[in-house]
Amino acid sequence: MKDLLRTAHLSRDDLELLLELARRFKERPTQHRTELSNQTVVLYFNKPSTRTRVSMCTAVARLGGIPLTVGPTELQLGRGESIEDTARTISRYARAFVIRTYRDEDVARFAQAATIPVINALTDQHHPCQSLADLLTLQEHCGPIDTLRVAYVGAGNNVCHSLMEGIALMGGTVAIATPEGYGPDPELLGEARALAGRHGGVIEVGHDPGAAAAGAHAIYTDVWLSMGDPEEERARRLERFAPFQVDDALMARARPGARFLHCLPDHPGEEVTAEVVSGPASVVFDQAENRLHTAAALLYALLRDRLRGAA
Ligand code: CP
Ligand code: NVA
């Protein structure tokens, strides 16, 4: 498997390997420090980023390489050069290409034309790199994924899709609660349910945050308005999503000792209260740190051609 465009493209073995590699990078950050000696990795960001940008750049540096971050105004892509020619050109210079943009089909076109690994660093529908860090954090704080119930409360967005695919592959239970009309994409949900069926996982989808949270080992939320969602929807969404805020009362519906997860950046007072995100249940900065170790693992595995992909 050359690229990582979405979590469901991984096999369960791939996912377990990546999490194991990430644990090893966390213990010994400088192992494989010559893997990328004298080589570059190009990172293209067409949306803002703190965690993905800095963790990926740091992971490249720890593997001995040089990260080159570029944006739409710096590449000829922004002046109309085709995705395919950009991908073919960069493939002649760099060892890997990391891309954050809007349309999933644009990333698929990049991957198709590139001869180097392409990593999706967030699109409108997927955030596979985030899901790797989420799974590692859940393992560390809550236990083996196939023993867990994880509640995802809020918008059925890119982060929700990748988390649902990751938990399905690992045989866990994810209970998703969103306002009506804001659930996960039906096609992606169907595919994730098929994966869950093969791996002993369960995906529940509904509109009752309390029911999703009941007995959960962890509650996860993300922003109600993602990058690229129309700003004029903000006021309407604040009203529609208000009952889905993660607060102390919702946390109390989960198991004793349940953890709170959020990919960050957050909007305290909107999708989560300041008390919860800054409280003792919150593991959001462990999640953020795990972006680094999982990024190193992913780069290493792709460069070494260690991923087999879904059957
Ligand atoms: N969680 C995440 O992807 O954060 P950034 O947008 O800061 O990269
Ligand atoms: N769903 C959010 C995640 C940001 C890391 C977005 O796409 O803006």
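Calculation notes
- Residue indices follow the written sequence of each chain, beginning from 1 at its first position.
- Lettering of chains starts at A and numbering of ligands starts at 1, both following the order in which they are written.
- At least 70 in pLDDT is required for a residue's local features to be given in this predicted model, at least 80 for side-chain atom pairs to be given and counted, and no such filter applies to totals for whole chains, interfaces and linings, which use all residues.
- Side-chain metrics in this entry use all non-hydrogen atoms of the structure; hydrogen atoms and water are not considered.
- Note on exposure labels: buried denotes an accessible area under 20% of the residue type's maximum, exposed denotes more than 50%, and partly exposed covers the range between, all computed with a 1.4 Å probe on protein chains only.
- Working definition: helices are DSSP H or I runs of at least four residues, strands are E runs of at least two. Numbering for both runs from the N terminus.
- Only when DSSP finds a minimum of two bridges between them are two strands counted as paired.
- Between rings of Phe, Tyr and Trp, where Trp is taken as its six-membered ring, a pair exists when centres lie within 6.5 Å; planes separated by under 30 degrees are stacked, by over 60 edge-to-face, and by other angles tilted.
- For a Lys NZ or an Arg CZ to count as sitting over a ring, it must be within 6 Å of the ring centre and within 35 degrees of the ring normal.
- In plain words, nonpolar cores are sets of buried Ala, Val, Leu, Ile, Met, Phe, Trp, Tyr and Cys residues tied together by side-chain atoms within 4.5 Å.
- A cutoff of 4 Å decides nearness: a residue is near a molecule or strand if any of its heavy atoms lies inside that distance of it.
- Polar contact is defined as a pair of N or O atoms within 3.5 Å, subject to the rule that within protein one atom must be able to donate a hydrogen and the other to accept it, and that residues adjacent in sequence are counted only when both atoms are side-chain atoms.
- Computed with the Shrake-Rupley method and a 1.4 Å probe, the accessible areas treat only the protein chains shown as cover for residues.
- Only Asp, Glu, Lys and Arg are considered charged, only Ala, Val, Leu, Ile, Met, Phe, Trp, Tyr, Cys and Pro nonpolar, and every remaining residue, Gly among them, polar.
- To get an axis, a line is fitted to the C-alpha atoms, and for a helix only the part in contact is used. The angle between two axes follows their N-to-C directions and goes from 0 to 180 degrees.
- Angle categories: roughly parallel below 35 degrees, roughly antiparallel above 145, roughly perpendicular from 65 to 115, and oblique for all the rest.
- For any helix crossing, the convention is left-handed if the near helix is rotated counterclockwise from the far helix by under a right angle, and right-handed if that rotation is clockwise.
- Two residues qualify as a contact provided that any one of their heavy atoms is within 4.5 Å of a heavy atom in the partner residue.

**Some remarks on the pairing of strand β8 (residues 218-221)**
Moving on, step 1. Side chains Ala218 and Tyr220 project from β8 onto one buried face, and the interleaved Ile219 and Thr221 project onto a second face that is buried too.
Moving on, step 2. Where strand β5 (residues 149-153) meets β8, three bridges bridge the pair, whose relative direction is parallel. Looking at β8, one finds that Val150 is bridged to Ala218.

**Things to note about the packing of aromatic side chains**
Moving on, step 1. Tallied over the full model, the rule gives five aromatic pairs.
Moving on, step 2. Seen in terms of ring centroids, Phe25 and Tyr300 are 6.0 Å apart; in terms of plane orientation they differ by 70°. Their pairing is edge-to-face. Here Tyr300 lies in helix α12 (residues 284-303) and Phe25 lies in helix α1 (residues 12-27), a separation of 275 residues in the sequence.
Moving on, step 3. Phe25 gets classed as buried once you look at its relative accessible area, which sits at 4%.
Moving on, step 4. Geometrically, the ring pair formed by Phe97 and Phe110 is stacked, given 4.8 Å between the ring centres and 25° between the ring planes. With Phe97 in strand β3 (residues 96-100) and Phe110 in helix α4 (residues 104-113), this residue pair connects regions lying 13 residues apart in the sequence. Accessibility assignment for this pair places Phe97 and Phe110 in one class, buried.
Moving on, step 5. In this structure, Lys47 packs its charged tip against the face of Tyr102, placed 4.6 Å from the ring centre.

**What to know about the nonpolar core**
Moving on, step 1. If you look at the biggest cluster of nonpolar residues, it comprises 64 residues, and the most contacted ones within it are Ile203 and Leu298.
Moving on, step 2. Counting residues per element, this core draws most heavily on α12, at 10 residues.
Moving on, step 3. Formed by 20 residues, the second largest nonpolar core is a distinct cluster that contains Ala177, Leu250, Met251 and Val277.

**Let's talk about the site of ligand 1**
Moving on, step 1. Lining the immediate surroundings of ligand 1 are Ser49, Thr50, Arg51, Thr52, Arg100, His127, Gln130, Cys263, Leu264 and Arg291.
Moving on, step 2. Within the side chain of Thr52, an N or O atom sits 2.7 Å from an oxygen atom of ligand 1.
Moving on, step 3. At a separation of 2.8 Å, an oxygen atom of ligand 1 approaches a polar side-chain atom of His127.
Moving on, step 4. Here ligand 1 has 250 Å² of accessible area as a free molecule, and 95% of this is covered by the chains.
Moving on, step 5. A breakdown of the residues in the shell around ligand 1 according to their chemical character gives two nonpolar, five polar and three charged.

**Quick word on the packing of helix α6 (residues 158-169) against helix α7 (residues 186-199)**
Moving on, step 1. At a minimum axis distance of 7 Å, the contact between α6 and α7 shows a crossing angle of 20°. With respect to their mutual orientation, α6 and α7 come out roughly parallel. When the axes of α6 and α7 are compared, the crossing they make is left-handed. Of α7, the residues touching α6 (which contributes His161, Met164, Glu165, Ala168 and Leu169) are Leu188, Leu189, Ala192, Leu195, Ala196 and His199.
Moving on, step 2. Among the residues forming the contact of α6 with α7, the class breakdown is eight nonpolar, two polar and one charged.

**Considering the site of ligand 2**
Moving on, step 1. Ligand 2 sits among Leu122, Asn157, Asn158, Val159, Asp222, Val223, Ser226, Met227 and Leu264.
Moving on, step 2. One of the side-chain nitrogen or oxygen atoms of Asp222 is found 2.6 Å away from a nitrogen atom of ligand 2.
Moving on, step 3. For the shell around ligand 2, the class distribution of residues is five nonpolar, three polar and one charged.

**A look at the environment of Val153**
Moving on, step 1. Note that Val153 resides in strand β5.
Moving on, step 2. Of the residues examined, Val153 reaches a relative accessible area of 0% and is grouped as buried.
Moving on, step 3. As a C-alpha pair, Val153 and Arg253 span 100 residues in sequence and 13 Å in three-dimensional space.
Moving on, step 4. When neighbours within four sequence positions are excluded, Val153 is seen to be in contact with Ala177, Pro209, Ile219, Tyr220, Thr221, Phe244, Val246 and Leu250.

**A few points about the sheet that holds strand β4 (residues 118-120)**
Moving on, step 1. With parallel pairing, the four strands of this open sheet are ordered in space as β2-β1-β3-β4. Each of the sheet's edge strands pairs with one partner strand only, and the pair in question is β2 (66-70) and β4. Direction aside, the axes of adjacent strands within the sheet are offset by 20° on average.
Moving on, step 2. Judged from the five bridges that link them, strand β1 (residues 40-45) and β3 form a sheet pairing that is parallel.

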